[in-house]
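Chains, contacts and geometry: an overview
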Amino acid sequence: MSASDPVSWFVIEPGWKVVDAQGQEVGSVDEVVGDSNSDIFNGLSISTSLLGKPRYVPSEQVGTITPERVQLTLTKDQVEHLGEFEEPPTSAEILPDKAGAVRRAESAVEAPIHSHAERLNVLTRVVHAVRRALRR
């Protein structure tokens, strides 16, 4: 597999370079939004600057995905006008008070509450920018 071969959305990682339709860098991936169990890709949260708020790119606007690079179908100007990314709601099943230990354990596996090990902040974005610069 070469660096230009397309890959699945499953392998996108925070810090990957995001380019516009003409190939000009417009930011980096902050977070991938989707349901991997159902293979549903909703979109990406991307950083366009170190201090700016992350922007949301719907999956319909994601073009080619290659290792360490996501190309959008949008122009740089269109990317600048994207809406702010809002954290997706967590999912959990509400159980009755009398639910037994086995049912509670099953529920934790079936509908876990999502947690984010990496919180997006300025330091995280600086680390992503340094990684991208070192890969060049």
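Calculation criteria
- Residues numbered from 1 in each chain as written.
- Predicted model: local features only at pLDDT ≥ 70, side-chain atom pairs only at ≥ 80, totals over all residues.
- Heavy atoms only, no water.
- Helix = DSSP H or I, 4+ residues; strand = E, 2+ residues; numbered from the N terminus.
- Buried < 20%, exposed > 50% of the residue type's maximum accessible area, 1.4 Å probe, protein only.
- Contact = heavy atoms within 4.5 Å.
- Areas by Shrake-Rupley, 256 points an atom, 1.4 Å probe, with all protein chains shown as cover.
- Core = buried A, V, L, I, M, F, W, Y, C linked by side-chain atoms within 4.5 Å.
- Patch = residues over 30% accessible without salt bridge, like charges linked within 9 Å, V, L, I, M, F, W, Y side chains within 5 Å.
- Salt bridge = Lys/Arg side-chain N within 4 Å of Asp/Glu carboxyl O.

The helix and strand tally for the chain stands at three helices and six strands. The proportion of buried residues among the 136 residues of the chain is 30%. Looking at the chain alone, contacts between residues at least 24 apart form 52% of all its contacts between residues at least 6 apart. Entry remark: accessible area of the chain is about 8700 Å², with carbon and sulfur atoms responsible for 54%.

What follows is about the nonpolar core. The biggest cluster of nonpolar side chains holds 18 residues, and the ones touching the most others in it are Ile12, Leu44, Val62, Ile65, Val70 and Leu72. When contributions to this core are tallied by element, the ones reaching two or more residues are β2 (25-35), β3 (40-47), β5 (62-66) and β6 (69-72). Broken down by element, the residue count for this core peaks at three residues, all from β3. Excluding residues within four positions of it along the chain, Leu44 makes contact with Ile12, Val29, Glu31, Val32, Arg55, Tyr56, Val57, Val62 and Val70.

Within the secondary structure layout, Val62 lies in strand β5. Along the backbone, Val62 and Asn42 are 20 residues apart, and their C-alpha atoms lie at a distance of 10.0 Å. Setting aside residues no more than four positions away along its own chain, Val62 makes contact with Phe41, Leu44, Val57, Val70, Gln71, Leu72 and Thr73.

This paragraph deals with a nonpolar patch on the surface. A surface patch of nonpolar side chains, about 580 Å² in accessible area, is lined by Leu50, Leu51, Val122, Val126, Val130 and Leu134. Looking at the secondary structure, you find Leu50 in the loop between β3 and β4 (55-58).

The quantities given are spatial measurements derived from coordinates; they are silent on function.
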